[in-house]
Amino acid sequence: MKLWRCDVCNHVFEGDTPPEKCPVCNVGPEHFVEEIPKEHNPGSNMKTATRMMSYGLYVICSRKEDKMNGQVANAAFQVTTNPTTIAISVHQENLTKECIDDCGYFTLNVLGTDNMKLVRRFGFRSGREFDKFKNMNYELTDNQVPYLKDAAGWLECRIIPDKTVNIGTHTIFVADVLDGDGSKDAEAMTYAYYRKNK
Ligand SMILES: Cc1cc2nc3c(=O)[nH]c(=O)nc-3n(C[C@H](O)[C@H](O)[C@H](O)COP(=O)(O)O)c2cc1C
């Protein structure tokens, strides 16, 4: 099955051949152009540009009943200011994703330039293999979600269930920010800083 776009009114028709007559503007088949779905160009250098995109660096913490867990993420950003909402992108196989699905809350811990140790602990092995919170300096929010006291700052977030979207390997969670705090003197770690200094 092919897609055909009318070059007069832009109507798109689905079929092996273009229609005899455009159902919207009545022009003939000679006005239909095959619509080729736009795919990623395999020969392009788009990675050169995507690698230049800027990010911060965070540990996302959540819990599934008694099991607390967290993971490093650079894919996080503020969506709106009033009310404050943020979005995060989490791989579907991560234990952290399972925890967020289960309890509906997470904390976004903003890393500072002195938090390299937290990246190593939370970013390279799954909490399915070991207890990432053992000997960690953490506290619990009002909703019993852990946050890291050694990070530069933290936000407590509640997911908005009907705004959760699966995209291929990842899930985007959009969440309301309920609470948080931070150290005014800390220097936030960027993804670029991490790559340069790891
Ligand atoms: C610098 C860095 C950035 C990362 N960014 C993300 C991210 O944005 N989203 C994601 O799902 N995983 C990201 N990861 C990978 C997870 O932190 C990693 O797979 C983690 O071990 C998953 O842990 P879990 O299974 O305990 O949840 C990143 C890792 C590093 C080191």
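Residues numbered from 1 in each chain as written. Predicted model: local features only at pLDDT ≥ 70, side-chain atom pairs only at ≥ 80, totals over all residues. Heavy atoms only, no water.

In this section: the sheet that holds strand 1 (residues 2–6). Spatially, three strands are ordered 2-1-3 in an open sheet, and the strand pairing comes out antiparallel. A single partner strand is all that each edge strand has here, and the edge strands are strand 2 (12–15) and strand 3 (32–34). Across the sheet, the mean angle from the axis of one strand to that of its neighbour is 35°, orientation sign disregarded. Here three bridges tie strand 1 to strand 3, and the two strands are oriented antiparallel to one another. The residue bridging Cys6 from the neighbouring strand is Phe32, located in strand 3. (Pairing = 2+ DSSP bridges. Helix = DSSP H or I, 4+ residues; strand = E, 2+ residues; numbered from the N terminus. Axes fitted to C-alpha atoms, helices over the stretch in contact; angles between N-to-C directions.)

Right, let's get into the pattern of salt bridges. Overall, the coordinates contain seven salt bridges when judged by the stated rule. For the salt bridge of Glu98 with Arg128, the shortest nitrogen-to-oxygen distance reads 2.9 Å. In this pair, Glu98 is assigned in helix 2 (residues 95–103) and Arg128 in the loop between helix 3 (116–123) and strand 9 (138–140), connecting sequence segments 30 residues apart. Among the residues examined, Glu98 registers a relative accessible area of 30% and is labelled partly exposed. Between Glu139 and Lys149 there is a salt bridge, with its nearest N and O atoms 3.0 Å apart. Pair noted here: Glu139 is in strand 9 and Lys149 is in the loop between strand 10 (146–148) and strand 11 (153–159), with a separation of 10 residues, a long-range link. (Salt bridge = Lys/Arg side-chain N within 4 Å of Asp/Glu carboxyl O. Buried < 20%, exposed > 50% of the residue type's maximum accessible area, 1.4 Å probe, protein only.)

The next subject is the site of the ligand. Inspection of the region around the ligand gives 24 residues, with Val72, His91, Thr96, Ser126 and Gly127 positioned closest. At a separation of 2.9 Å, a nitrogen atom of the ligand approaches a polar side-chain atom of Asn74. Within the backbone of Ser89, one N or O atom sits 3.0 Å away from a nitrogen atom of the ligand. Here the ligand has 650 Å² of accessible area as a free molecule, and 85% of this is covered by the chains. Put simply, the parts of the chain that give the shell around the ligand at least two residues each are strand 5 (67–73), strand 7 (85–91), helix 2, helix 3 and helix 4 (191–197). For the shell around the ligand, the leading source of residues is strand 5, giving five residues. Partitioning the shell around the ligand into residue classes produces 10 nonpolar, 12 polar and two charged. (Near = heavy atom within 4 Å. Polar contact = N/O pair within 3.5 Å; in protein donor to acceptor, adjacent residues only side chain to side chain. Areas by Shrake-Rupley, 256 points an atom, 1.4 Å probe, with all protein chains shown as cover. Nonpolar A, V, L, I, M, F, W, Y, C, P; charged D, E, K, R; others polar.)

Both strand 6 (residues 76–80) and strand 7 contribute to a ladder of four bridges, which runs antiparallel. Within strand 7, the position partnered with Thr80 by the bridge is Thr85. Hairpin geometry of strand 6 and strand 7 is characterised by an intervening segment of four residues between the two adjacent antiparallel strands.

What follows concerns the domain arrangement of the chain. If you check the domain split of the chain, you get domain 1 (2–34) and domain 2 (54–197). Computed from C-alpha atoms alone, the centre-to-centre distance between domain 1 and domain 2 is 49 Å. (Domains from an automatic or database assignment.)

Using the criterion set out here, one finds five aromatic pairs in the structure. Measuring from ring centre to ring centre gives 5.8 Å for Phe122 and Phe133, while their planes differ by 75°; the resulting arrangement is edge-to-face. Of this pair, Phe122 sits in helix 3 while Phe133 sits in the loop between helix 3 and strand 9, and the two are 11 residues apart along the sequence. Ring geometry for Phe133 against Tyr138: centres 5.3 Å apart, planes inclined by 90°, an arrangement best described as edge-to-face. On the basis of relative accessibility, which here comes to 32%, the residue Tyr138 falls in the partly exposed class. Every member of this aromatic cluster is reached through a ring pair, and the members are Tyr55, Tyr191 and Tyr194. Residue placement shows Arg125 over the ring face of Phe130; its charged tip is 4.1 Å from the ring centre. (Phe/Tyr/Trp six-rings, centres within 6.5 Å; stacked < 30°, edge-to-face > 60°. Lys NZ or Arg CZ within 6 Å of the ring centre and 35° of its normal.)

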